[in-house]
Each structure stands twice: as structure tokens, then as C-alpha cells.
Amino acid sequence: MAISINDRQLITQFITNTQNLNVNLPTNGGGCANLVRGIIEQATGKRISVNPFGASLESMIQKINTYHDLAKCNNGDILYFVHLPNAAVNLHQTIHYAIFCNVNNAGVQKNVIGINGLADLSFSPTAYHGVVASVISPGNFNGVGQVIYDTVAFPNILGELYGMRRDSDEWYVIYSRRRILEMRKEAGRRCLAAFDIGTTTIAGYLLDGADGRTLAVESRMNPQAQYGADVIMRANYALEHGTEALSMCVRKAVNEMLGSLAEDAGIRREDVFQVCVVGNTCMHHLFLGISPASLVHAPYTPAVSERLVLNAGDYGLAVQERAELLMLSDIAGYVGADTCGCLLAIRQDQQEEISLMIDIGTNGEMVLGNRERMVTCSTAAGPAFEGAKIECGMRGAAGAVDHVKYEDGKWNYTTVGNKPAVGLCGSGLIDLVAGLLDAGMLDENGVLRSGQEKQGMFILVPPERGGNERGVYLTQKDIGEVQLAKAAIAAGIQMLMERLGITEDDICSVYIAGAFGNYMDPVSAGKIGLLPATLVKKVKPVGNAAGEGAKIALVNEKEMLEMDELVRKIEFVELAASADFQDHFIDELGFETGE
């Protein structure tokens, strides 16, 4: 996250070997002056005098020569602090100037440091939109250092700063907002990690904190699946047995992924200073160890919805000891921080045209609207499109059938990595069902008549041609799972259009997010009824937008803060008890066969 400093957050600490300290603060600082004075007095054991004067940098510099005589008399150091509106930056933020004055026989030595909300203007040659590394040189300041941090959380930082000042003429301070995370003699590596915890799959990304580059990527199945395939089953397990087992297993998985990501990128775990986690509301709560009781009882609201900044170590993450854990906002009971991440990546709220975003996963979250108005809902699509609950289903790993075509009476398919076929991933599943419709092997009710030897089954890849002993096939039960999933998503789209009072023609773009968004054939999605036919040509795959949003939150505080405001404005459409949704759902269960 970028630096953000204001009066209420500001905590300024001095380490000095003089007996007296004179602190000058702006007249409009309010209680900030007394707050800073109290903290410095408690930390240093010294009496502090506070001299307020006007918030003008020019006037302050002029007054330095007046005040330095007082400092000479007191044999002390002076810290002048002033904050000014930053009219030049269209972020309505504040530029802060700290002017250090150390009195010695040669007179007053002055150093002016400017800080704004995006980067440290002169103090940090390596500042960036995340945790910041600033180089500090005592020089002529008699070892006076200015740091901004949370003394309550990390009171031992004072001792570290004093030791660093004593041992070296130059050192690096890595900090985020008002909290110092680490002090070093060398700049070293500074990395960030983002995780999208899906009901079925966890995706992890390691970023270079200096420039935001992705250094490593990893994904794995969510180990919570052993306690239930969907969020309702896991929530019920947590209510009956407590959250510990569910929380500990997913934290362990994320921690292991951190180790793998660090190893792949050639860094230490201790080089990771911030971790951002997104996921649906149930995954969010279970990761934090919060009971999901409020999600399974009306009115189905989150126990906590606002964005959180926590200590990563408190949640079992073995990274830098003061690293931060950022949890993005939950929007509603079943529209979680992952949707917030999608919005952060796509920014529908900044577009004039009306667009539809669908995160095709177990919960099927979707958002419809533009800068004027946005509505959202979540549909219980189930994990079929992520390879779960399908007999030959699997993730999009090597050997997964990812595309299928029925042409001229022949079946053709491709696999991930061109490996022997071992299963069906989501995009291959959609293609196969669409192909069965083209071949006339599925009727409008989803009844499978393959004409093959085994009833209720279609064998795409026989065992002798596949990469395993069973081959790759689709069952009647699998088709039923596809019908439930596609009907839920299609019905959700209808409900959102009705809430906005628009038709399919008013929608200009359809953003498909999710693990297989880049691989899904929109034509096949339209063929099976997952999407209305008129929207097929408007599809724009965006991949794992939730994970991309988590990465953006780590490197751009301005956009992250804008999300805090946006999630309060989005209208949530509750489908659970809606008779209209049930009617749409039933209507969408069947297939259009063209007969």
C-alpha cells in the first residue's frame, strides 16, 4: 500500500542524546500536538515543549532562524512539522514537511523532507506504491532520526533505531503508512504476496515490491474441500465443529504456498512484507477464524465487511515478523472480497457503458452496471466448472481436456500441455456438452443418448488412448451438475437485468473472470445456455480478476481506498428467497436443441 499520513495517524519519534527537545507543530494540528508530545515524552523520558505556529512552509522556514536561538539556550534539537494541501496533485491529499534543526557551534543545520500520499519526494529514492524503503543519513543532525510508525504495536522499534543510528551512518527503513516494518543496513529485497482463496482453488502471486512485477505464481486445491464441496457445507461444518480445522488447513496451505513462491523467486520468506487475501465471504471468514453463522441465517450478512489490516504472523503466515495482512472488503453475505478484487481489476464503476462481470466459480458472483449504478448478486453455481463433482473432472492441469469439437461426425479434442488425456477441466466440459447438443445426443431436458455401449455415459477418450486406466467420459449425473450450474448463472443475469430495468441489448461488454475465463469458448457457453445468445459476441475474458485486484490493492492505495467507497454503494440483490429467481432458474435448466 502507498503511504498515507494525516494528523490522526501521525506519530513522530525522536532519538536524541540531548537533554531537551523542542517540538513545533502547526496551529491547526488540534490534538495531534499533545498526542505527539505525550508519545515522545513517554518514549524518551524527556520533557517536551510544544510551540504552535501557522501552517505555511515559507513562514516556517523564515521562523526557523528565530526559534533556533531558543534551541541554543535549551541545548536541544527542534522538530518543525507542517502540513499543506497538495493542490498540484488531484488526490486531495496532503504534503507533509518535517524540518530537522540540530544546534551546534556552527549554527543551525536544516534538512527539509517532503512526503505525499504516493511517494516520499526527497527522503526515499526507492519509494513505490507499497511498503517503502527510505534511506536515512544522520549527517550533521547529531543522530536525529524521524520515523513514523505505530509505537503501541512495535514499541521496541525505538531501541532498534537507536542501535542502527549508532552503528551506521546510513540505513534503510522499510515502512507502510505509519508503521515501520524493518530497518536494514542494505536495501535488500522487498516483496508482496497476493492470494485468491476460492472455494475450490487457491491462487497465489509473489510481487516485487519495487516495481510490482510478478515474480512467481502457484495454485493448488483448497484443502477445506475435505469438509464440504461448497460454502454451505463448510459453514455448517464450522457451526457444528467450530472453525479451527477449516481455518488452520487453509492457513497452512497459504503458508506452504508462500514458501514455494519464495523459493521459486529466489528470495527469503522474511522478504515478504505484505500479504493481501481475497475470497468469497465464507472463505474470508474461515481464514480469519470468524464463525460463518451470520451467513447461513437470515438476513445472510457478513460478520465483518470493512477492509482489514492485520498482522500476518497472527494468522500463521511465516513472513517478515511485522508484515501486514490486508483483507479486502466483503460486499454481502455471498458477494465477498473476491468480487471486490474483480471490481478493482476491471473498474466497471469508471465506465460509461453498461457491462456485466461474471466470476464463474462455485458461487457465481456477478456485477452489472456502470458509473451511474451497479447491482450485484451471487448464484449457487456449484463447483462443476472448476472440475469438482464431475466424475472425470479436474483442474486445468497437464492432461486436462480443455477444448472439444464435434465436426463432420467426428470428435476432436485438445489437452493442456498436449499431454495424454486424463480428465475434463471446465472449458472442456462446456465444449463437450455443447458438442453433444450439436450431435443430437442430448435432448432439451438433458437426457443423454450417446448410442454407445454403456447407457447414460459418453466416452470421449477410451482408456487405451488416454493417460490413465479409466479414460475420459461424461455421465448423466455430470450433465445434471452442468444444468444446475448454468441455470443458476443464467437466472442471476436475468435478475440483475430486471433490477436495472435493462435488456441484453443494453449490455456492451461481458467480462468473464475465473480460473477458466481465458479458455472458455463463448460460443459453447451460449450453446448450453450459460450466457444469453445475444451476449456471446460481447464476451471479454479477464482471467483471475480477483487475484489481479488483490495485486492492485498491494501496489496502489488510491484505487484500494476507492473500492472502500464503491462497495458501500453497490446494490445487493438477494436471490435466496426470491420467487422470481426460482422461476428463472427452472426456465434455464433445459437446453435449446434447435428442434
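You'll find the structure just up there.
Below is a summary of the structure that appears in this document. (Residues numbered from 1 in each chain as written. Predicted model: local features only at pLDDT ≥ 70, side-chain atom pairs only at ≥ 80, totals over all residues. Heavy atoms only, no water.)

Structural notes on the sheet that holds strand β25 (residues 509-513)
- Sheet architecture is open: 6 strands sit in the order β26-β25-β17-β18-β19-β27, paired in mixed fashion. Among the strands making up the open sheet, the edge pair consists of β26 (539-543) and β27 (571-572).
- As paired strands, strand β18 (residues 365-369) and strand β19 (residues 374-378) are joined by 5 bridges and run antiparallel to one another. Bridge pairing in β19 links Met366 to Cys377. (Pairing = 2+ DSSP bridges. Helix = DSSP H or I, 4+ residues; strand = E, 2+ residues; numbered from the N terminus.)

Details of the packing of aromatic side chains
- A full pass over the atoms with the stated rule returns 4 aromatic pairs.
- A centroid spacing of 4.7 Å and a plane angle of 45° characterise the contact between Tyr227 and Tyr237, whose relative ring orientation is tilted. Of this pair, Tyr227 sits in the loop between β13 (214-221) and α4 (231-241) while Tyr237 sits in helix α4, placing them 10 residues apart in sequence.
- Relative accessible area serves as the criterion here: at 24%, Tyr237 is assigned to the partly exposed category.
- Every member of this aromatic cluster is reached through a ring pair, and the members are Tyr406, Trp411 and Phe458.
- Note that Lys551 overlies the ring of Tyr205, its terminal NZ or CZ placed 4.6 Å from the centroid. (Phe/Tyr/Trp six-rings, centres within 6.5 Å; stacked < 30°, edge-to-face > 60°. Buried < 20%, exposed > 50% of the residue type's maximum accessible area, 1.4 Å probe, protein only. Lys NZ or Arg CZ within 6 Å of the ring centre and 35° of its normal.)

Thoughts on the pattern of salt bridges
- On inspection of all chains with the given rule, the structure shows 20 salt bridges.
- Of the charged contacts, one joins Arg307 and Asp564 as a salt bridge, the two residues approaching to 2.8 Å between their closest N and O atoms. Residue Arg307 is found in the loop between α7 (293-296) and β15 (308-311), and its partner Asp564 is found in helix α13 (residues 557-569); the two are separated by 257 residues along the sequence.
- A relative accessible area of 21% means that Arg307 is categorised as partly exposed.
- The partner of Glu352 in a salt bridge is Arg371, with the nearest N and O atoms 3.7 Å apart. Note that Glu352 is positioned in the loop between α8 (337-346) and β17 (355-359) and Arg371 in the loop between β18 and β19, a separation of 19 residues in sequence.
- On the basis of relative accessibility, which here comes to 55%, the residue Glu352 falls in the exposed class.
- For Arg371, a relative accessible area of 49% gives the class partly exposed. (Salt bridge = Lys/Arg side-chain N within 4 Å of Asp/Glu carboxyl O.)

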